Amino acid sequence: GVPWLPAGVTRHDVTSARQMFVRAQDLWSQADIGIFTAAVADFYPEPFGAAKFKKSAANDGFDIHFSPNPDILATLAATAQPWQRILGFAAESGNLEEQARDKMRRKKAHMLVGNLISAPDSGFAVPSNRVFVCDISGREENWPTLSKADVAWRLLNWLLTL
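These numbers come from a predicted model, not from an experiment.

About the thresholds
- Residues numbered from 1 in each chain as written.
- Predicted model: local features only at pLDDT ≥ 70, side-chain atom pairs only at ≥ 80, totals over all residues.
- Heavy atoms only, no water.
- Salt bridge = Lys/Arg side-chain N within 4 Å of Asp/Glu carboxyl O.
- Helix = DSSP H or I, 4+ residues; strand = E, 2+ residues; numbered from the N terminus.
- Buried < 20%, exposed > 50% of the residue type's maximum accessible area, 1.4 Å probe, protein only.
- Lys, Arg positive; Asp, Glu negative; His and termini not counted.
- Polar contact = N/O pair within 3.5 Å; in protein donor to acceptor, adjacent residues only side chain to side chain.
- Contact = heavy atoms within 4.5 Å.
- Expected span 1.5 Å × (residues − 1).
- Arc of directions from axis to C-beta.

S.K.: Kindly report on the pattern of salt bridges, identifying the contributing residues and their values.
M.R.: The full count for this structure, using the stated rule, is 8 salt bridges. Salt-bridge contacts for Arg106 lead to Asp102; the nearest nitrogen and oxygen are separated by 2.8 Å. Linking Arg106 with Asp102, this pair stays in helix α3 (residues 96-107), spanning 4 residues, or about one helical turn. In this structure, a network of salt bridges that share partners links the residues Glu97, Arg101 and Glu140.

Listed below in C-alpha cells is the structure:
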C-alpha cells in the first residue's frame, strides 16, 4: 500500500482515460457515491503509431485525428442505482452557474460543483477554490473562497443530505 493513504482507501493506478473508464465501471456497482473531480482527457490522438514519423514520408506535415474518450461520469450516472449518488465537477472560466446547471442535467449527476478557474485564488495550482454548487432538488449556493479541504468537507456534508 501507499503509506500516506488513509486506512480503508485503495488506489487504482491507470495510464489512460480508457483504462480509467474500465476500472471505474468495474468498481461502480460496489460504490454508494461517485465523486468525479475532473475529466482525465476528453480526446485522444488516433492512431499514435509504434514507430517514428519520418519527415521524408510527410514533407508537408501530417494531420492528427482526435477521437473522444468515453464519458466516465455520464456513463456511470446512466447506470446508477437508486441508492447511488453522483457528484460531478465542472472547471469553468466563465458563466459558472449556467455551465454547472447544464452539466448536471446533461450528465444526470445528483450534484454539480462549478469550479472557477479564471481567478487567481481558485482553480488549479492554488490551495483554495471558489465554487458554485447545485443539486437535483434545485438547491444552489455560491461559496466564498475557501480552502480545498473546507470545500471537500462541505460538499460531503451536502451530498449526504440527498
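From this point, the discussion proceeds with the structure in view.
S.K.: Explain the side chain of Lys103 residue by residue, including any values.
M.R.: For Lys103, the location among the structural elements is in helix α3. No salt bridge is formed by the buried Lys103; the nearest opposite charge belongs to Glu92, separated by 6.0 Å. Of the polar contacts made by the side chain of Lys103, one reaches the backbone oxygen of Phe89; its length is 2.7 Å. Apart from the residues lying within four places of it in its own chain, the contact partners of Lys103 are Leu73, Phe89, Ala90, Lys108 and Leu112.

S.K.: Give me the lowdown on helix α4 (residues 148-159), citing residues and values where you can.
M.R.: Between the first and last C-alpha of α4 there are 16 Å, a value that for 12 residues agrees with the 16 Å anticipated at 1.5 Å per step. Looking only at α4, the buried set comprises Val151, Leu155, Trp158 and Leu159. The buried residues of α4 occupy one face: seen down the axis, they fall within an arc of 95°. Across from the buried face of α4, at angles greater than 90 degrees, the exposed residues are Trp153 and Asn157.

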